[in-house]
Amino acid sequence: MITVTVPLATEWPFQLDLKQGQPLSAHTYLGVGGPAENYVEVSQTADLIAVLDHCHRHDIPVLVIGEGSNLLVGDKGVRGLVVRNVCREIRDLNDGRIQADSGVLMGRLAHWCAARGYAGLEFGVGIPGTVGGSVFGNAGCFGTEMADILESADVWTAGDLTTMDNQSLQFGYRYSKLRHTDGNPVVVSAILRRRSGDAETSRRRITDLSRRRRETQPAARSAGSVFKNPPGDYAGSLIDRAGLKGRRRGRAVISTKHANFIVNEGGATASDVWTLIEDAKAAVRELFNVDLELEVRLVGEGFGKDR
């Protein structure tokens, strides 16, 4: 495990509860991962920016997480500071647009819009993450993705706060420019387009999409889709056809319901999960000559002997 040091090695200037050695398994959907050397939760955007600025000035490694739905945290944990973003204000701009803090849950945003008769964001119930993470990775489901509704995002990068419009984010399939931008970019807030609609129609669509998700995805703890779908095929189908549904390593299992999900049956480690990831990649490459690309993000240290 990572050895906990003096908090951040500098004076902590904020009225925020800084903790050492916080287990990150408690803050990820998959439920695995070692401790954060330092950990803090931030509920105000101004505080989030101030903490990021402080870490940048003092060369402190910082990782911002939301719900931890698309993360695999290493068994040895994460050095520096982990900031859990719970900034969750939603503002109606009353002109066909909504401004949402980056810590807003996509499911909550979908219900918030439906209650007001706003359409276009119902797909959010299928994304178990936050607005910030969804912009970063252009999350989507049921035929809609963030690129379809995003007007602009305020992004902190290496001490600077800038507004990036849809085009400048260079969205692609489960991709935005931020994935390969230096300076540890963090989405702070986003302006999203919505349509006028009918509250009851939106509620029915949310109910239908929620049902479809339950029918097609495992209920056990997971990090969501492990791999991106390759062109012209589906990662889950390839893994299934390779005969890996139900493959087990320790307490981690490739789901028998959807093979692009790895579930934690209780007590799984990051090393268990990483071994299954390698098993799936190797089998699909050998049988179908397809190199699967990770959708889940790996953070921290401790994924087995080679990582």
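Look above for the structure.
Residues numbered from 1 in each chain as written. Predicted model: local features only at pLDDT ≥ 70, side-chain atom pairs only at ≥ 80, totals over all residues. Heavy atoms only, no water.

Can you help me understand the overall build of the chain in this one?
On a plain count of helices and strands, the chain comes out with six helices and 19 strands. Dimensions of the chain, computed from the C-alpha atoms along their principal axes, are close to 55 × 50 × 30 Å. Taking all 307 residues of the chain together, 52% fall into the buried category. For the chain, restricting intrachain contacts to residue pairs at least 6 apart in sequence, the fraction spanning at least 24 positions comes to 64%. As presented, the chain carries roughly 13900 Å² of accessible surface, and 46% of it is formed by carbon and sulfur atoms. Separation of charge centres in the chain, based on 37 positive and 37 negative side chains, amounts to 6 Å. (Helix = DSSP H or I, 4+ residues; strand = E, 2+ residues; numbered from the N terminus. Buried < 20%, exposed > 50% of the residue type's maximum accessible area, 1.4 Å probe, protein only. Contact = heavy atoms within 4.5 Å. Areas by Shrake-Rupley, 256 points an atom, 1.4 Å probe, with all protein chains shown as cover. Lys, Arg positive; Asp, Glu negative; His and termini not counted. Charge placed at Lys NZ, Arg CZ, Asp CG, Glu CD.)

I tried to follow the sheet that holds strand E6 (residues 90-92) on my own but got confused; where do I start?
Consider a sheet: its strands pair through backbone hydrogen bonds, and that pairing is either parallel or antiparallel. The sheet built from five strands is open, its strands ordered E6-E7-E13-E11-E12 with antiparallel pairing. Strands at the two margins of the open sheet, each flanked by one partner only, are E6 and strand E12 (160-165). Taking each pair of neighbouring strands and ignoring which way they run, the sheet shows an average axis angle of 15 degrees. Strands strand E7 (97-101), strand E11 (150-157), E12 and strand E13 (186-193) of the sheet are contacted by helix H1 (residues 45-57), whose axis makes an angle of about 40 degrees with E11. Strand contacts of helix H2 (residues 106-115): E6, E7 and E13, with the helix running at about 30 degrees to E6, the strand carrying the most contacts. (Pairing = 2+ DSSP bridges. Axes fitted to C-alpha atoms, helices over the stretch in contact; angles between N-to-C directions.)

Explanation requested: the side chain of Gln-22 in the structure shown.
Looking at the element boundaries, Gln-22 is found in strand E1 (residues 19-23). Gln-22 sits in the buried class, given a relative accessible area of 17%. The contact partners of Gln-22, leaving out residues within four places of it in the chain, are His-27, Gly-34, Pro-35, Ala-36 and Tyr-39.

Where do I start with the sheet that holds strand E17 (residues 252-254) in this structure?
Ordered in space as E15-E18-E17-E16, the four strands form an open sheet in which the pairing is antiparallel. Both edges of this open sheet fall to strand E15 (221-222) and strand E16 (248-249), since each of them pairs with a single strand only. In terms of strand pairing, E16 meets E17 through two bridges, oriented antiparallel. In the sheet register, Arg-248 faces E17, and the bridge partner there is Val-253.

Mind showing me how you'd approach the packing of aromatic side chains here?
The relation between two aromatic rings is expressed through the spacing of the ring centres and the mutual angle of the planes. According to the stated counting rule, one finds three aromatic pairs in the structure shown. Both rings, one in Trp-12 and one in Phe-14, keep their centres 5.0 Å apart while their planes meet at 75 degrees; by these two values the pair is edge-to-face. Neither residue differs from the other here; Trp-12 and Phe-14 are each classed as buried. Seen from the ring of Tyr-118, Arg-194 lies directly overhead, with NZ or CZ sitting 3.7 Å from the centre. One cation-aromatic arrangement involves Arg-241 over Phe-288; the distance from NZ or CZ to the ring centre is 4.9 Å. (Phe/Tyr/Trp six-rings, centres within 6.5 Å; stacked < 30°, edge-to-face > 60°. Lys NZ or Arg CZ within 6 Å of the ring centre and 35° of its normal.)

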